[in-house]
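# Breakdown of the fold
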Amino acid sequence: MLFTALSCVMDSHKNDLRDLPTRQLLARRRAAAARLGDVEQMLAGTLTEQPRRCGRPGCRCADGDPHGPYAYYTPRLAGRGRARYVPAALAGVVRRYLHRGAEAEAALAEISAINAELLARRELG
Ligand SMILES: [Zn+2]
């Protein structure tokens, strides 16, 4: 079955924080916090699209022309990652929320990495 993953992966590359002066770390932290923005409109998980066969004999899908594809949202929760059908009218909204979620998580990860470096410098306060 065709299975298209539409998850949004942010690359979490960064040049080595240890090489940056504290001033620059603080500026980066502020910028990352600003990128967090409105975290109400976020989702963690993936959106996938799958074609379906309805099972009715004689339907076009029985001859290899499936219905859909339909969108499914899979929440990223330990052990509860059941895929849920997403109506086509909401797929774009889900995509936008997933993107915001990935952006927010990347910003949080960067803030945490900066704070860990500040801790190592005994400048966390
Ligand atoms: Zn069918």
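The text that follows walks through the structure, step by step, so that each part is easy to find. (Residues numbered from 1 in each chain as written. Predicted model: local features only at pLDDT ≥ 70, side-chain atom pairs only at ≥ 80, totals over all residues. Heavy atoms only, no water.)

## Observations regarding the pattern of salt bridges
The full count for this structure, using the stated rule, is eight salt bridges. One salt bridge in this structure joins Glu110 and Arg35, with 2.9 Å as the shortest N-O distance. Of this pair, Glu110 sits in helix H2 (residues 88–120) while Arg35 sits in helix H1 (residues 22–36), and the two are 75 residues apart along the sequence. Its salt-bridge partner being Arg121, residue Glu117 comes within 2.7 Å of it at the nearest N-O pair. Here the salt bridges do not stand alone but share partners, grouping Arg28, Arg35 and Glu110 into one network. (Salt bridge = Lys/Arg side-chain N within 4 Å of Asp/Glu carboxyl O. Helix = DSSP H or I, 4+ residues; strand = E, 2+ residues; numbered from the N terminus.)

## Here we look at the environment of Arg60
Looking at the secondary structure, you find Arg60 in the loop between strand E2 (45–52) and strand E3 (67–75). Reaching out from Arg60, the side chain makes a polar contact with the backbone oxygen of Asp65 at a distance of 3.0 Å. (Polar contact = N/O pair within 3.5 Å; in protein donor to acceptor, adjacent residues only side chain to side chain.)

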